[in-house]
2 protein chains.
Amino acid sequence: MYKPLFFTLNAILLTFFTQVSASEQFVIQNTQTLQITSEFNKQSYELYVRLPKGYKKSTRNYPLVLINDTSYSIATASGILHLMEGRDIEEVILVGISYSKGTNPLFSRTRDYTPTFAPKETQGHSKAAQQVSGQANNYVKFIDNQVLPLIASQFRVDKTRKTFVGHSYGGLLGTYIILHQPSLFESYILGSPSLWYDNKVIFEMEQRYAKYNSALPATVRYYIGGKEGKMVTDLKTFVGILDKRQYKNFDYQYKVIPNTSHFSVFALLLTEGLVELYGK
Amino acid sequence: MYKPLFFTLNAILLTFFTQVSASEQFVIQNTQTLQITSEFNKQSYELYVRLPKGYKKSTRNYPLVLINDTSYSIATASGILHLMEGRDIEEVILVGISYSKGTNPLFSRTRDYTPTFAPKETQGHSKAAQQVSGQANNYVKFIDNQVLPLIASQFRVDKTRKTFVGHSYGGLLGTYIILHQPSLFESYILGSPSLWYDNKVIFEMEQRYAKYNSALPATVRYYIGGKEGKMVTDLKTFVGILDKRQYKNFDYQYKVIPNTSHFSVFALLLTEGLVELYGK
């Protein structure tokens, strides 16, 4: 008889001391959301802004760290910054650009992060997603003409220290940016870039850039997981080409992070990239 | 005249296409919050629950990963799980226990995560925080008698696979648990534990445990940052003692993660610990 009684009492106590609330989702501290519609593709996006702890009490400007693929990156980056800011690294303003509202995230990232229309690419998310591919051009104009000015108008951004963070397709997008408008950001943290996309079209873009430019004014840190197979080979080949170019004003490095996959590498590269660029 | 006109147009376009909303904070997907009051210290807490993507469509039970220090850990863990679940690792239910409501977080973690009352400890958060120290005993009873039963009553938890994650004071707390009630969880990811606390009182607790026990039924993964100085030495000493004990049923390892600090190590150890315990 003892055990059932104990369990009954326990159940009563549980009911008494706990309230199961309506399912409120978890909110990240120090964040706010701005709404923005792209002039270039008429899609609506959200900007998630995380201000550093010291922001309100200071009057100074802060570096800006812009990230994509916010479904995972904004949470990871917020947690990492919470621990590291003011300790391992200086304080920064973090801004994430959501996928466009009402769009399948896989379609949104295929449309916005890939540089060319490649309906026959079979390694993308799907055949259907590939039908909207290749609009990185519009997305970069959106960042340049709307996102960065809006953020600068609302927050104290140090415009001379802006960092772009991209992983996977986002790493491809970042590579596209440095080969078309390198000084859009001063620095780039690029992880596991999808250099394979559309028969490695990014290699042709680099060749074209090299034809007309002797300088590449940007600081770039590439990272990739040691278990990423062919993507590691692609990145090594790409960096080998960069080595030969000898671009002026180009500060770049790449690092293979051992024992990590395309997915497990992200939190590691973000931590390391932030320490590289903003380490105290 | 061209440039000013351009900027004016740009400003008009910005106003037209963007709406600066009231500051909505960023919400983590697939999460919900439960309210709970501890019978043991009468404090109220929130439980942040993140369900795996496949939860709704399945009927099976999932391992439980319980974390503390949710001000940073819940965001980091949610982002990491979003990328890794179903790929690098199997799906798990993540639960974070908040600091007690209305309490300074530094007081809350000092009260709940430290094993002894140590008013004279000078390396804690503050002299004032130390005045409430040493109530880990109550916190563990709260987890055992209220948190775990509540979660199990609301969600499909595999009760044979429960993991405790703790960092810093949380790593001390996890060590305290394995030395008093090791089978409360089946496995532990413990980062940068504060073994220095209260003149290394945890070493005495281990000695007492060894006196009365020949087994330590738990799987434990310790991690620490290579730049943590004396804390690395402490952990190595502690693990050296464990080596000598030869506890039965004790599966443990420790790893120094190079080039990381007490703060930058967290996302790395969480990634690695989850892959260690739940890797596919």
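Residues numbered from 1 in each chain as written. Chains lettered and ligands numbered in written order. Predicted model: local features only at pLDDT ≥ 70, side-chain atom pairs only at ≥ 80, totals over all residues. Heavy atoms only, no water.

- Labelled according to an unreviewed UniProt entry, chain A appears under the name Alpha/beta hydrolase-fold protein, originating from Pseudoalteromonas obscura.
- Per UniProt, chain A carries the Sequence similarities (unreviewed entry) text "Belongs to the esterase D family." (UniProt positions renumbered as here; feature names shortened; annotations may be inferred.)

1. Regarding the packing of helix α2 (residues 70-84) of chain A against helix α9 (residues 265-278) of chain A
All names here are of chain A.
Turning to step 1, where the next piece is worked out: At their nearest, the axes of α2 and α9 sit 10 Å apart, and the two run at 45° to each other. As the angle between them shows, α2 and α9 are arranged oblique. Here α2 runs over α9; the crossing is right-handed. Residue-level contacts link Y72, S73, T76, A77, I80, L81 and M84 of α2 to F266, A267, L270, T271, L274 and V275 of α9.
Turning to step 2, where the next piece is worked out: Per-class residue counts for the contact of α2 with α9 are ten nonpolar, three polar and no charged. (Axes fitted to C-alpha atoms, helices over the stretch in contact; angles between N-to-C directions. Helix = DSSP H or I, 4+ residues; strand = E, 2+ residues; numbered from the N terminus. Parallel < 35°, antiparallel > 145°, perpendicular 65-115°, else oblique. Left-handed = near helix turned anticlockwise from the far one by under 90°. Contact = heavy atoms within 4.5 Å. Nonpolar A, V, L, I, M, F, W, Y, C, P; charged D, E, K, R; others polar.)

2. Observations concerning the packing of aromatic side chains
Residue and element names in this part refer to chain A.
Turning to step 1, where the next piece is worked out: The tally for this structure, following the rule as stated, stands at 36 aromatic pairs over all chains.
Turning to step 2, where the next piece is worked out: Ring centres of Y45 and Y139 lie 6.3 Å apart, and the angle between their planes is 50°; this geometry places the pair in the tilted category. You can see Y45 sitting in strand β4 (residues 44-50) and its partner Y139 sitting in helix α5 (residues 136-154), a full 94 residues away along the chain.
Turning to step 3, where the next piece is worked out: When the centroid spacing of 6.1 Å and the interplanar angle of 45° are considered together, the rings of F164 and Y188 count as tilted. Note that F164 is positioned in strand β7 (residues 157-167) and Y188 in strand β8 (residues 187-191), a separation of 24 residues in sequence. (Phe/Tyr/Trp six-rings, centres within 6.5 Å; stacked < 30°, edge-to-face > 60°.)

3. Remarks on empty space enclosed by the protein
Any empty space left between atoms is shown by rolling a water-sized probe over those atoms.
Turning to step 1, where the next piece is worked out: The tally for this structure, following the rule as stated, stands at six cavities of 30 Å³ or more.
Turning to step 2, where the next piece is worked out: Estimated volume of the largest cavity: approximately 80 Å³.
Turning to step 3, where the next piece is worked out: In terms of lining residues, the largest cavity is bounded by F26(A), V27(A), I28(A), Q29(A), N30(A), R50(A), S78(A), G79(A), H82(A), S71(B) and A75(B).
Turning to step 4, where the next piece is worked out: Here the residues of the lining of the largest cavity sort into four nonpolar, six polar and one charged. (1 Å grid on protein atoms, 1.4 Å probe; cavity = no way out; pocket = protein on both sides within 12 Å on 5 of 7 lines; lining within 4 Å. Points joined across faces, edges and corners; volume = space filled by probe spheres on them.)

4. Quick notes on the packing of α9(A) against helix α9 (residues 265-278) of chain B
Turning to step 1, where the next piece is worked out: For the pair α9(A) and α9(B), the least separation of the axes is 9 Å and the interaxial angle reads 165°. It follows from the interaxial angle that α9(A) and α9(B) lie roughly antiparallel. Crossing of α9(A) over α9(B) shows left-handed handedness. Contact residues: α9(A) offers A267(A), L268(A) and T271(A), while α9(B) offers A267(B), L268(B) and T271(B).
Turning to step 2, where the next piece is worked out: Within the contact of α9(A) with α9(B), the residues separate by chemical class into four nonpolar, two polar and no charged.

5. As for the interface of chain B and chain A
Turning to step 1, where the next piece is worked out: Between chain B and chain A, the residue contacts involve 52 residues of the former and 52 residues of the latter.
Turning to step 2, where the next piece is worked out: Summing the contributions of chain B and of chain A, the shared interface buries around 4,800 Å²; its carbon and sulfur component is 65%.
Turning to step 3, where the next piece is worked out: In this assembly, chain B and chain A are joined by zero salt bridges.
Turning to step 4, where the next piece is worked out: Between chain B and chain A we count eight residue pairs in polar contact (both at pLDDT 80 or more) in total.
Turning to step 5, where the next piece is worked out: Those elements that provide at least two residues to the side of chain B that touches chain A are α1 (2-17), β1 (18-19), β2 (26-28), β3 (31-37), α2 (70-84), α5 (136-154) and α9 of chain B.
Turning to step 6, where the next piece is worked out: Take the side of chain B that touches chain A: its biggest share by element is eleven residues, from α2(B).
Turning to step 7, where the next piece is worked out: Along the lines of polarity and charge, the residues of the side of chain B that touches chain A split into 23 nonpolar, 24 polar and five charged. (Buried area = accessible area lost by both parts, 1.4 Å probe. Salt bridge = Lys/Arg side-chain N within 4 Å of Asp/Glu carboxyl O. Polar contact = N/O pair within 3.5 Å; in protein donor to acceptor, adjacent residues only side chain to side chain.)

6. A word on the pattern of salt bridges
Residue and element names in this part refer to chain B.
Turning to step 1, where the next piece is worked out: As enumerated under the stated definition, the model contains 22 salt bridges over all chains in all.
Turning to step 2, where the next piece is worked out: A salt bridge links R109 to D69; its shortest N-O distance comes to 2.7 Å. Of this pair, R109 sits in helix α3 (residues 105-113) while D69 is found in the loop between β5 (62-67) and α2, placing the two residues 40 residues apart along the sequence. By the burial criterion, R109 is buried, and D69 matches it.
Turning to step 3, where the next piece is worked out: Between R245 and E206 there is a salt bridge; the shortest N-O distance is 2.7 Å. In this pair, R245 is assigned in helix α8 (residues 230-245) and E206 in helix α7 (residues 197-212), connecting sequence segments 39 residues apart. (Buried < 20%, exposed > 50% of the residue type's maximum accessible area, 1.4 Å probe, protein only.)

7. Observations regarding unusual backbone geometry
Residues and elements named next belong to chain A.
Turning to step 1, where the next piece is worked out: Positive phi values are uncommon outside glycine, yet N249 reaches one of about 60°.
Turning to step 2, where the next piece is worked out: Assignment of secondary structure puts N249 in strand β10 (residues 248-257).
Turning to step 3, where the next piece is worked out: Judged by relative accessible area, N249 falls into the exposed class, the value being 60%.
Turning to step 4, where the next piece is worked out: Notably, N259 is not glycine yet its phi reads approximately 60°, a positive angle.
Turning to step 5, where the next piece is worked out: By secondary structure assignment, the location of N259 is in the loop between β10 and α9.

8. Considering the relation of the copies chain B and chain A
Turning to step 1, where the next piece is worked out: Mapping chain B onto chain A is achieved by rotating through 180° and translating by 0.0 Å along the same axis, at an RMSD of 0.0 Å. Both chain copies can therefore be described as sitting about a two-fold axis.
Turning to step 2, where the next piece is worked out: In this assembly, 100% of the residues forming the interface of chain B have copies in chain A that are likewise at the interface, indicating an isologous arrangement. (Least-squares fit on C-alpha atoms with pLDDT ≥ 70 in both.)

9. Thoughts on the confidence of the model for chain A
Turning to step 1, where the next piece is worked out: Considering every residue of chain A, the mean pLDDT works out to 92; 92% of them sit at 70 or more.
Turning to step 2, where the next piece is worked out: Below a pLDDT of 50 lies the segment residues 1-22 of chain A, which in the model reaches 23 contacts outside its immediate sequence neighbourhood of four places, other chains included. (pLDDT = per-residue confidence, 0-100.)

10. Structural notes on the pairing of β4(A)
All names here are of chain A.
Turning to step 1, where the next piece is worked out: Extensive coverage of β4 is indicated by the burial of six of its seven residues.
Turning to step 2, where the next piece is worked out: In terms of strand pairing, strand β3 (residues 31-37) meets β4 through seven bridges, oriented antiparallel. Looking at β4, one finds that Q32 is bridged to V49.
Turning to step 3, where the next piece is worked out: Count of turn residues in the β3/β4 antiparallel hairpin: six residues, of which K42 carries a positive phi of about 65°. (Pairing = 2+ DSSP bridges.)

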